[in-house]
Amino acid sequence: MIAIETIPTSYENWRLCITQKCKIALTPAYIAGRLAALRDESDASTREFRRIYGEPHHRAVIGWFERAQSEVLYRN
């Protein structure tokens with residue numbers, strides 16, 4: 001079993017953090033909403049996220065949401 005990291009560094013850890021630690025279902029609507037916010041340069045929470053975690057992590061999280069989105073679409 002993968003241990004949940006404080007700040008995920010892999011898709012697997014990110015997914016565990018979201019679904020198990022945070023108890024958030026990765027539904028199509030949730031994923032789409034998060035992707036829209038993370039891609040919105042004018043969104044204050046996105047600017048703060050990038051300031052705290054840096055651009056590489058921001059890009060990684062977008063990629064992880066895109067992967068989750070493709071997995072959800074593939075299942076349905």
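Keep in mind that what you see is a predicted model, and the values were worked out from it rather than measured.

How each quantity is defined
Residues numbered from 1 in each chain as written. Predicted model: local features only at pLDDT ≥ 70, side-chain atom pairs only at ≥ 80, totals over all residues. Heavy atoms only, no water. Helix = DSSP H or I, 4+ residues; strand = E, 2+ residues; numbered from the N terminus. Polar contact = N/O pair within 3.5 Å; in protein donor to acceptor, adjacent residues only side chain to side chain. Contact = heavy atoms within 4.5 Å. Buried < 20%, exposed > 50% of the residue type's maximum accessible area, 1.4 Å probe, protein only. Phe/Tyr/Trp six-rings, centres within 6.5 Å; stacked < 30°, edge-to-face > 60°. Axes fitted to C-alpha atoms, helices over the stretch in contact; angles between N-to-C directions. Parallel < 35°, antiparallel > 145°, perpendicular 65-115°, else oblique. Left-handed = near helix turned anticlockwise from the far one by under 90°. Nonpolar A, V, L, I, M, F, W, Y, C, P; charged D, E, K, R; others polar. Salt bridge = Lys/Arg side-chain N within 4 Å of Asp/Glu carboxyl O.

A. Summary view of the side chain of Thr46. Here Thr46 lies in helix 3 (residues 44-53). Among the polar contacts made by the side chain of Thr46, one reaches the main-chain carbonyl oxygen of Ala37 at a distance of 2.4 Å. Residues within four places of Thr46 in sequence aside, it is in contact with Ala37, Leu38, Asp40 and His58.

B. Local environment of the environment of Thr46. Residue Thr46 is classed as buried on the basis of its relative accessible area of 3%. Sequence-wise, Thr46 and Arg34 are 12 residues apart; in three dimensions their C-alpha atoms are separated by 9.8 Å.

C. Layout of the packing of aromatic side chains. Taken as a whole, this structure holds 5 aromatic pairs when the rule is applied. Taking 6.1 Å as the distance between ring centres and 55° as the angle between the ring planes, the aromatic pair formed by Tyr30 and Phe65 counts as tilted. Separated by 35 residues along the polypeptide, Tyr30 in helix 2 (residues 28-39) and Phe65 in helix 4 (residues 55-75) bring together distant segments of the chain. Taking relative accessible area as the criterion, Phe65 reaches 3% and is therefore assigned buried.

D. Quick look at the side chain of His57. Inspection of the secondary structure assignment puts His57 in helix 4. You can call His57 buried: its relative accessible area is 15%. For His57, the residues in contact, after removing those within four places along its chain, are Ile7, Pro8, Phe49 and Trp64.

E. Expanded view of the packing of helix 2 against helix 4. For the pair helix 2 and helix 4, interaxial distance at closest approach is 10 Å and the crossing angle is 155°. In this view, helix 2 runs roughly antiparallel relative to helix 4, as classed from their interaxial angle. Crossing of helix 2 over helix 4 shows left-handed handedness. For the pair formed by helix 2 and helix 4, the contact residues are Pro28, Tyr30, Ile31, Ala32, Arg34, Leu35, Leu38 and Arg39 on the first element and His58, Val61, Ile62, Phe65, Glu66, Ala68, Gln69 and Val72 on the second. Residue classes in the contact of helix 2 with helix 4 are distributed as 11 nonpolar, 2 polar and 3 charged.

F. Expanded view of the pattern of salt bridges. By the definition in use, this model includes 8 salt bridges. Note that Glu12 is salt-bridged to Arg67, the shortest N-O span being 3.9 Å. In this pair, Glu12 is assigned in helix 1 (residues 11-21) and Arg67 in helix 4, connecting sequence segments 55 residues apart. The partner of Arg50 in a salt bridge is Glu41, with the nearest N and O atoms 2.4 Å apart. Within this structure, Glu12, Arg15, Arg67 and Glu71 form a network of salt bridges that share partners.

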